[in-house]
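Listed below are the residues making up each chain.
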Amino acid sequence: MPFEELCREAQEIGLAGIDLVGPKNWPLLKKYGLQSTMCNGAEINLVDGWNDTQYHATLIKNYSEMIPLVAKAGYKNLICFSGNRNGKDDETGLKNCEEGLKKIIMLAEKHKVTVVMELLNSCIDHPDYQCDRTPWGINLVQRMDSDNFKLLYDIYHMQIEEGNVIKTIQDNHQYIAHYHTAGVPGRNEIDEMQELNYPAIMHAIVATGFKGVVAQEFIPIKDNKIESLKIAVNLCDV
């Protein structure tokens, strides 16, 4: 779907914004009264990330340039990724991420931008990705010791990787800045044909006092894709 058409549909549904939109498309978002609820464009890709020091120079440059742009546009969140393990153990990956991210976090604090690392499953969709479990991500957030570094808890990915979604959210909500949805298995509609109970999950998120954004990131397989999105929005409106 052309991006402007998606913006029109999002406005009609009443969405706050669209995730994973970079500077090129911010003017269209503003035209339709939408926000870039999770900005992107500073990362290299999903596999070459902060856990590998050979990418630090590029990432530091990219994020140092992007953070002020995000703030100037009035947005709050900027995504980042750990990258693949490529043989690195947990501790090496954590140390490398901490070393690199601490070189941009003061800039993020200055501009009131939250750098958000996404949790992705390594079982099916992203083999070898390092930030694939909530405890690993929390360990990194604790090491960073900044309100401007948190996690993107992707409900689909974490159901596959570790399960126990509601209890994990209840126990660790203070480390989470953002949520993504999708149906398990398949990453499709979040309807009655998949295993997650999304209204219950949304009630659990609300009960934590969360004031951020839950973004629909499923891949619709039904013919009327916008209708699938409307149904998912209503399902999550608790």
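Everything discussed here concerns the structure shown above.
This report concerns the structure included in the present document. Because the structure is a prediction, the values reported are computed rather than measured.

Rules and cut-offs
Residues numbered from 1 in each chain as written. Predicted model: local features only at pLDDT ≥ 70, side-chain atom pairs only at ≥ 80, totals over all residues. Heavy atoms only, no water. Phe/Tyr/Trp six-rings, centres within 6.5 Å; stacked < 30°, edge-to-face > 60°. Helix = DSSP H or I, 4+ residues; strand = E, 2+ residues; numbered from the N terminus. Buried < 20%, exposed > 50% of the residue type's maximum accessible area, 1.4 Å probe, protein only. Pairing = 2+ DSSP bridges. Right-handed = clockwise from strand over helix to strand, strands pointing away. Core = buried A, V, L, I, M, F, W, Y, C linked by side-chain atoms within 4.5 Å. Polar contact = N/O pair within 3.5 Å; in protein donor to acceptor, adjacent residues only side chain to side chain. Contact = heavy atoms within 4.5 Å. Axes fitted to C-alpha atoms, helices over the stretch in contact; angles between N-to-C directions. Parallel < 35°, antiparallel > 145°, perpendicular 65-115°, else oblique. Left-handed = near helix turned anticlockwise from the far one by under 90°. Expected span 1.5 Å × (residues − 1).

1. Quick look at the packing of aromatic side chains
Alright, step 1. This structure, assessed with the given rule, holds four aromatic pairs.
Alright, step 2. Geometrically, the ring pair formed by Trp26 and Tyr75 is edge-to-face, given 5.2 Å between the ring centres and 75 degrees between the ring planes. Taken as a pair, Trp26 in helix H2 (residues 26–31) and Tyr75 in the loop between helix H3 (56–72) and strand E3 (77–80) lie far apart in primary sequence, 49 residues in all.
Alright, step 3. For Trp26, a relative accessible area of 6% gives the class buried.
Alright, step 4. Centre to centre, the rings of Tyr153 and Tyr179 are 6.0 Å apart; their planes meet at 70 degrees, and the pair counts as edge-to-face. Of the two residues, Tyr153 is situated in strand E5 (residues 149–154) and Tyr179 in strand E6 (residues 176–181); the sequence distance between them amounts to 26 residues. The burial state of Tyr153 is the same as that of Tyr179; both residues are buried.
Alright, step 5. Pairwise contacts between aromatic rings join Tyr153, Tyr179 and Phe210 into one cluster.

2. Overview of the pairing of strand E2 (residues 35–39)
Alright, step 1. A large share of E2 lies buried, amounting to four of its five residues.
Alright, step 2. Relative to E2, strand E1 (residues 17–21) runs parallel, the two sharing four bridges. Its bridge partner lying in E2, Gly17 is registered against Gln35.
Alright, step 3. The handedness of the E1 to E2 crossover, carried by H2, is right-handed.

3. Section: the nonpolar core
One recurring pattern in soluble globular proteins: nonpolar side chains tend to sit buried together.
Alright, step 1. Of all hydrophobic cores here, the largest spans 70 residues; its most connected members are Leu101, Met117, Phe149 and Ile155.
Alright, step 2. The element best represented in this core is H3, accounting for six residues.

4. Some points on the side chain of Lys88
Alright, step 1. By secondary structure assignment, the location of Lys88 is in the loop between E3 and helix H4 (90–101).
Alright, step 2. Judged by its relative accessible area of 14%, Lys88 is buried.
Alright, step 3. For Lys88, the side chain forms a polar contact with the main-chain oxygen of Arg85, separated by 2.8 Å.
Alright, step 4. Discounting chain neighbours no more than four positions away, the residues touching Lys88 are Asn51, Asp52, Asn96 and Gln130.

5. Points about helix H6 (residues 134–144)
Alright, step 1. Turning to H6, its buried residues number three or more, namely Thr134, Trp136, Gly137, Ile138, Leu140, Val141 and Met144.
Alright, step 2. On the buried face of H6, the contacting elements are H4, helix H5 (105–111), strand E4 (114–118), E5, helix H7 (155–161) and helix H8 (165–172).
Alright, step 3. Directly beyond the C-terminal end of H6, a positive phi value near 50 degrees is found at Asp145.

6. Some remarks on the packing of H4 against H6
Alright, step 1. Taken N-terminus to C-terminus, the directions of H4 and H6 make an angle of 40 degrees; their axes are 10 Å apart at the nearest point. In terms of their interaxial angle, H4 and H6 are classed as oblique. Like other packed secondary-structure pairs, H4 and H6 cross with a definite hand, here right-handed. Across from Asp90, Glu91, Gly93, Leu94, Lys95, Cys97, Glu98 and Leu101 in H4, the residues of H6 making contact are Trp136, Asn139, Leu140, Arg143 and Met144.

7. A word on H4
Alright, step 1. The terminal C-alpha atoms of H4 lie 16 Å apart, and with 12 residues this matches the ideal 16 Å at 1.5 Å per residue to within 8%.
Alright, step 2. Taken together, the buried positions of H4 are Gly93, Leu94, Asn96, Cys97, Glu98, Gly100 and Leu101.
Alright, step 3. Where H4 is buried, its residues contact H3, E3, H5, E4, H6 and E5.

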